[in-house]
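Reading the structure
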Amino acid sequence: MRLAIKEASRALGCTAPNPAVGAVIVKNGRIVAKGYHQAAGLPHAEIEALAKAGFIPHSPSPILHHLKGATLYVTLEPCSSHGRTPPCTEALIAAGITRVVYGATDPDKRHRGRAARILKEAGIAVTEGILLEECTTLNASWNHRATTGMPWVIAKAALSLDGRIDSPLHLPSRRWITSAASRKAGMHLRAKVEAILVGGATVRTDNPSLTVRGIKLPKGHSQPWRVVWSRSGTLPKKSKLLTDAHRKRTLVFSAMTLRKALQELGKRGVSSVLIEGGGQTLGEAFKAKLVDEVRFFIAPVIQGGKVPAVSARISPAHLTDVYYTKIGSDVMIAGRIKRD
């Protein structure tokens with residue numbers, strides 16, 4: 001199962017709106033094949049592994065391969081319904097797999113546990129919950145969307161010791177508050193999410209590109225959606241988000257609450273959103289209790305600006321699973337919002 005998890009890790013950030021899944025086939029104590037789901041619309045991990053073992057599932061004339069006595073290890077319960085591809089359970093039965101071992105159960109109540117029933121009825125032994133925590137953590141954001149309909153929301157800010165995200169009005173504008181090392185860490189964070197959201201004021205003031213740059217990305221990784229939440233919907237026509245090479249990856253939501261905008265992203269299959277600002281947007285996110293995780297990069301400077309990182313009257317939001325990381329000259333404080 002650890003090998004299957006390693007396979008699944010190769011797909012992180014590449015499979016939206018699907019989960020990252022890895023699979024390994026073992027027979028007589030020997031690894032026969034490994035596979036992972038590479039992208040939505042491509043074969044699932046189980047199918048990829050079966051194909052590498054010489055079995056071509058769902059083919060009118062499949063290449064027969066004797067897998068009786070083989071065990072398939074997979075990080076997530078095999079799919080049991082038709083989507084973009086046929087159900088994996090059918091292929092496993094057709095291939096003659098004798099035992100299926102999976103880690104996490106499908107969080108969608110429509111499918112949860114269904115694969116186990118189908119496989120057992122076909123005479124295949126099933127073992128569930130192996131390395132459950134590790135397998136579940138692989139797709140924490142996807143699990144969250146599958147159960148709530150909402151994407152997992154990370155609040156990110158680069159701020160000074162006095163909690164400001166801008167420069168004082170009497171000083172020339174300072175582009176960066178935090179160090180180059182923190183900015184690089186921020187790029188790695190962008191690369192792990194499916195959407196980056198800012199408010200309309202941030203677009204009008206900073207004209208950001210919200211792209212992932214300066215770091216090596218996995219093969220098949222897509223530029224995250226760039227999302228603008230604007231009450232008016234009025235943005236400068238020459239904004240980078242509307243004119244650059246990734247303009248088709250830009251979404252603008254107006255005349256709706258931030259909660260509604262996030263719900264719309266969930267309907268589009270977006271499982272994780274990084275809210276990068278500005279202060280009013282982060283304030284609304286905390287005020288409406290939409291934030292699930294926090295990543296604040298704090299620089300050792302007293303900035304004296306006017307804009308706080310969170311510009312709203314909010315109820316205290318306590319963090320759990322907190323950790324602190326020194327990045328360059330800065331400190332990153334991270335944790336999950338503690339729910340009542």
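Sequence order as written defines residue numbering, which begins from 1 separately in each chain. Where totals are concerned, whole chains, interfaces and linings use all residues; where local detail is concerned, this predicted model gives features only for residues with pLDDT of at least 70, and gives and counts side-chain atom pairs only at 80 or more. Neither water nor hydrogens contribute to the side-chain values; these are computed over all heavy atoms in the structure.

Here the focus is the overall build of the protein chain. Helices and strands together make up the secondary structure of the protein chain, namely eleven helices and 13 strands. Across its three principal directions, the C-alpha atoms of the protein chain cover 75 × 40 × 35 Å. Within the protein chain, contacts between residues separated by at least 24 positions form 72% of all contacts whose residues are at least 6 apart in sequence. When charges are counted, Lys and Arg are positive and Asp and Glu negative, with His and the chain ends excluded. Just so you know, the charge point we use is NZ for Lys, CZ for Arg, CG for Asp and CD for Glu. Charged side chains in the protein chain number 50 positive and 24 negative. The centres of these two groups are separated by 6 Å. Numbered from the N terminus, helices here are DSSP runs of H or I no shorter than four residues, and strands are runs of E no shorter than two. What makes two residues a contact is simply this: any of their non-hydrogen atoms within 4.5 Å.

This paragraph deals with the nonpolar core. In this structure, Ile25, Leu50, Leu67, Leu72, Leu92, Ile97 and Val100 are the most contacted members of the largest nonpolar core, which totals 38 residues. If sequence neighbours within four positions are ignored, leucine 92 has contacts with Glu46, Leu50, Leu72, Pro78, Ile97, Val100, Leu119 and Ile124. To define a nonpolar core, start from buried Ala, Val, Leu, Ile, Met, Phe, Trp, Tyr and Cys residues and group those joined through side-chain atoms within 4.5 Å. The cut-offs for exposure are 20% and 50% of the maximum accessible area for each residue type, with area from a 1.4 Å probe on protein chains only; residues under the lower value are buried, those over the upper are exposed, and the others partly exposed. If you look at the next biggest cluster of nonpolar residues, it comprises 27 residues, including Ala155, Leu251, Leu282 and Val291.

Below, the discussion takes up the packing of helix 3 (residues 88–95) against helix 4 (residues 114–121). All axes here are fitted lines through C-alpha atoms, helices being fitted over the stretch that makes contact, and every angle between N-to-C directions spans 0 to 180 degrees. Relative to each other, helix 3 and helix 4 sit at 25 degrees, their axes nearing to 10 Å. Compared by their axis directions, helix 3 and helix 4 come out roughly parallel. In this structure, helix 3 meets helix 4 at a crossing whose hand is right-handed. On helix 4, the residues touching Thr89, Leu92 and Ile93 of helix 3 are Ala115, Ile118 and Leu119. Each residue gets one label: Ala, Val, Leu, Ile, Met, Phe, Trp, Tyr, Cys and Pro are nonpolar, Asp, Glu, Lys and Arg are charged, and the others, such as Gly, are polar. By residue class, the composition of the contact of helix 3 with helix 4 is five nonpolar, one polar and no charged. Angles below 35 degrees are treated as roughly parallel, those above 145 as roughly antiparallel, those between 65 and 115 as roughly perpendicular, and all remaining angles as oblique. Two helices that cross are described as forming a left-handed crossing if the nearer one is turned anticlockwise from the farther one by less than a right angle, and a right-handed crossing if clockwise.

Turning our attention to the pattern of salt bridges. Whenever a carboxyl oxygen of Asp or Glu lies within 4 Å of a side-chain nitrogen of Lys or Arg, that contact is scored as a salt bridge. With the rule as written, the count across this model stands at nine salt bridges. A salt bridge links glutamate 134 to arginine 2, with the nearest nitrogen and oxygen atoms 3.8 Å apart. In this pair, glutamate 134 sits in helix 5 (residues 132–138) while arginine 2 sits in helix 1 (residues 2–9), placing the two residues 132 residues apart along the sequence. Arginine 2 gets classed as exposed once you look at its relative accessible area, which sits at 56%. For glutamate 264, the salt bridge goes to lysine 260, with nearest N and O atoms at 3.3 Å.

Looking now at helix 3. Because an α-helix packs 3.6 residues into every turn, residues spaced three or four apart end up facing the same way. Of all the residues in helix 3, the buried ones are Cys88, Thr89, Ala91, Leu92 and Ala95. The arc enclosing the buried residues of helix 3, seen along the axis, measures out at 160 degrees, which places them on a common side. Following helix 3 by one or two positions, glycine 96 adopts a phi angle in the positive range, close to 85 degrees. What the arc covers is the set of directions going from the helix axis to the C-beta atoms.

Attention now goes to the sheet that holds strand 3 (residues 71–76). At least two DSSP bridges between two strands are needed for those strands to be called paired. Pairing is mixed in the open sheet, where five strands are placed in the order 2-1-3-4-5. Each edge of the open sheet is held by one strand with a lone partner, namely strand 2 (30–36) and strand 5 (125–128). Strand-to-strand twist of the sheet, defined as the mean angle between neighbouring strand axes without regard to direction, takes the value 15 degrees. Contacts between helix 1 and the sheet are confined to strand 1 (22–27), strand 2 and strand 3, with strand 1 contributing the most and set at about 145 degrees to the helix.

On to unusual backbone geometry. Here the amide bond leading from alanine 16 into proline 17 is cis, since omega sits at 5 degrees, within 30 degrees of zero. Looking at where proline 17 falls in the secondary structure, it is placed in the loop between helix 1 and strand 1. Across the junction of glycine 277 and glycine 278, the peptide omega takes the value 5 degrees, indicating a cis bond. With respect to the helices and strands, glycine 278 occurs in the loop between strand 10 (272–277) and helix 11 (279–287). Even without a glycine there, the phi angle at asparagine 207 is positive, about 50 degrees. Mapping asparagine 207 onto the fold places it in the loop between helix 8 (200–206) and strand 8 (225–230).

The strand order across the open sheet formed by eight strands is 9-8-7-10-6-11-13-12, and the pairing between neighbours is mixed. At either margin of the open sheet sits one strand with a lone partner, and together these are strand 9 (250–254) and strand 12 (319–327). Mean inter-strand twist for the sheet, computed between neighbouring axes without regard to direction, equals 20 degrees. Pairing geometry for strand 12 and strand 13 (residues 330–337), over seven bridges, is antiparallel. If you follow threonine 320 over to strand 13, its bridge partner there is arginine 336. Of the strands in this sheet, strand 6 (152–159), strand 7 (195–199), strand 8, strand 10, strand 11 (293–298) and strand 13 are in contact with helix 11, which crosses strand 10 at around 130 degrees.

Turning next to the packing of aromatic side chains. Within a pair of aromatic rings, the relevant descriptors are the distance that separates the centres and the angle that separates the planes. Under the pairing criterion, centres of Phe, Tyr and Trp rings, with the six-membered ring standing for Trp, must be within 6.5 Å; the plane angle then separates stacked pairs below 30 degrees from edge-to-face pairs above 60, leaving the rest tilted. Applying the stated criterion to the full structure yields zero aromatic pairs. The ring of tryptophan 225 is capped by arginine 249, whose NZ or CZ atom sits 4.1 Å from the centre of that ring. We call a charge positioned over a ring when the NZ of a Lys or the CZ of an Arg lies within 6 Å of the ring centre and within 35 degrees of the ring normal.

The subject of this paragraph is the pairing of strand 13. Where strand 11 and strand 13 come together, six bridges link them in antiparallel fashion. Of the residues in strand 13, the one forming a bridge with glutamate 293 is arginine 336. Connecting strand 12 to the next strand, strand 13, in antiparallel fashion are two residues, including glycine 328 with a positive phi near 60 degrees.

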